[in-house]
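# Examining the three-dimensional arrangement
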Amino acid sequence: MRAMLYLASQSPRRRQLLEQIGVRFEVVDVDVIEARAPGEAAQAYVERVARDKARAGLRRVDGERAAVVLGADTEVVLDDVVFGKPADAEEAAAMLRRLAGRTHRVISAVCVADGAREACAVSLSEVTFAPLDEAAIAAYVASGEPFGKAGAYAIQGRAAAFVAHLAGSYSGVMGLPLFETCGLLRAFGAAP
Ligand SMILES: Cc1cn([C@H]2C[C@H](O)[C@@H](COP(=O)(O)OP(=O)(O)OP(=O)(O)O)O2)c(=O)[nH]c1=O
């Protein structure tokens, strides 16, 4: 019998990505505080948040036999500054100004847990943005796309036009690294 998989995420992108690899799952809502501790390395932070989401999901499905829970986190990192989701239009524009014409890292962590064990994987990507002028930034922010996205952009959306180069995982940048996810789910008996 295959384990029942729960995706501990509100992100429509993660749902879409998991569907893409043909895995059956249900969504469980979790509310995890995302705050980097002083001195915490960016990658350690992303991994910790993904793990917290998986653990919170596990608590929500508590008591269910053969439940496997998946949590993930994605952050954009430039000069060791972690760019999460912008709070407003001003912050979105500020993030895009800093990303323009430069190469940043995208760290995506995925953690899978059941009642007995837990495992995580991290995907690292490098994304190079073309230079962006103020008009392009203003138009992009006005489109609404930056909101709810780490680094204030969506590679799967209009921001594809900004991406001059990507080294790494497209699905990882979008929010769920599918290669790593698939490996973990197989190990937990939640994917064929
Ligand atoms: C960089 C980038 C991020 N994103 C999204 C993926 C994530 O939804 C979001 C990063 O925020 P997260 O905090 O990782 O996830 P979330 O709050 O959206 O969802 P949950 O915690 O419930 O799982 O940014 C894109 O959709 N495209 C991109 O190109």
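- An unreviewed UniProt entry lists the chain under the name dTTP/UTP pyrophosphatase, with Mizugakiibacter sediminis as the source organism.
- On record in UniProt, under Function (unreviewed entry), the comment for the chain is "Nucleoside triphosphate pyrophosphatase that hydrolyzes dTTP and UTP. May have a dual role in cell division arrest and in preventing the incorporation of modified nucleotides into cellular nucleic acids."

## Considerations on unusual backbone geometry
- The phi dihedral of aspartate 79 falls on the positive side, at around 50 degrees, and the residue is not glycine.
- Considering the arrangement of structural elements, one finds aspartate 79 in the loop between strand 3 (67–78) and strand 4 (81–83).
- With phi around 65 degrees, aspartate 80 is a residue other than glycine that occupies positive phi space.
- Position of aspartate 80 among the secondary structure elements: in the loop between strand 3 and strand 4.

## A look at the pairing of strand 6 (residues 118–129)
- In this structure, strand 5 (residues 103–113) lies alongside strand 6, joined through eleven bridges in antiparallel fashion. Counterpart to alanine 113 in the pairing with strand 6 is glutamate 118.
- With four bridges connecting them, strand 6 and strand 7 (residues 163–167) associate as antiparallel partners. The residue bridging threonine 128 from the neighbouring strand is histidine 165, located in strand 7.

## Re the site of the ligand
- Lining the immediate surroundings of the ligand are 20 residues, of which Ser9, Gln10, Arg14, Lys53 and Lys85 lie closest.
- Here lysine 53 contributes a side-chain N or O atom positioned 2.6 Å from an oxygen atom of the ligand.
- In this structure, methionine 174 approaches the ligand through a main-chain N or O atom, which is 3.5 Å from an oxygen atom.
- In the complex, 94% of the free accessible area of the ligand, which totals 610 Å², lies under the protein chains.
- One can see that the ligand is located within the largest pocket.
- Of all the secondary-structure elements, those providing two or more residues to the shell around the ligand are helix 1 (12–20), strand 3 and helix 5 (170–174).
- Its residues assigned to classes, the shell around the ligand comprises six nonpolar, seven polar and seven charged.

## Quick word on the state of the cysteines
- Enumeration over the complete set of coordinates arrives at one disulfide.
- Disulfide partner of cysteine 111: cysteine 120, at an S-S distance of 2.0 Å. Between cysteine 111 and cysteine 120 the disulfide shows an S-S torsion of about 110 degrees. By sign, it is right-handed.
- Free of any disulfide, cysteine 182 has its nearest neighbouring cysteine sulfur in cysteine 111, separated by 16 Å.

## Some remarks on the UniProt feature "site: Important for substrate specificity" (unreviewed entry) in the chain
- Summarizing the sequence annotation, UniProt attributes the feature "site: Important for substrate specificity" (unreviewed entry) to Arg13, Thr74 and Gln156 in the numbering used throughout. The greatest C-alpha distance among the annotated residues, which extend across 144 residues, is 14.3 Å, indicating that they converge on a single site. Those annotated residues that line the largest pocket are Arg13, Thr74 and Gln156.
- Structurally, the position occupied by threonine 74 is in strand 3.

## Structural notes on the pattern of salt bridges
- Under the defined criterion, the tally for this structure stands at twelve salt bridges.
- Among the salt bridges present, the one from lysine 85 reaches glutamate 34, with a minimum N-O distance of 4.0 Å. Placement of the pair is lysine 85 in the loop between strand 4 and helix 3 (89–99) and glutamate 34 in the loop between strand 2 (26–27) and helix 2 (42–60), with a sequence separation of 51 residues.
- The salt bridge involving arginine 51 is made with glutamate 118; its shortest N-O contact spans 3.9 Å. In this pair, arginine 51 is assigned in helix 2 and glutamate 118 in strand 6, connecting sequence segments 67 residues apart.
- Using a relative accessible area of 34% as the deciding quantity, one classes glutamate 118 as partly exposed.
- Ionic contacts of the salt-bridge type, sharing partners, join the residues Glu34, Lys53, Asp73 and Lys85 into one network.

What counts and what doesn't
- Residues numbered from 1 in each chain as written.
- Predicted model: local features only at pLDDT ≥ 70, side-chain atom pairs only at ≥ 80, totals over all residues.
- Heavy atoms only, no water.
- UniProt positions renumbered as here; feature names shortened; annotations may be inferred.
- Helix = DSSP H or I, 4+ residues; strand = E, 2+ residues; numbered from the N terminus.
- Pairing = 2+ DSSP bridges.
- Near = heavy atom within 4 Å.
- Polar contact = N/O pair within 3.5 Å; in protein donor to acceptor, adjacent residues only side chain to side chain.
- Areas by Shrake-Rupley, 256 points an atom, 1.4 Å probe, with all protein chains shown as cover.
- 1 Å grid on protein atoms, 1.4 Å probe; cavity = no way out; pocket = protein on both sides within 12 Å on 5 of 7 lines; lining within 4 Å.
- Sits in = over half its atoms within 2 Å of the grid points.
- Nonpolar A, V, L, I, M, F, W, Y, C, P; charged D, E, K, R; others polar.
- Disulfide = S-S within 2.5 Å.
- Salt bridge = Lys/Arg side-chain N within 4 Å of Asp/Glu carboxyl O.
- Buried < 20%, exposed > 50% of the residue type's maximum accessible area, 1.4 Å probe, protein only.

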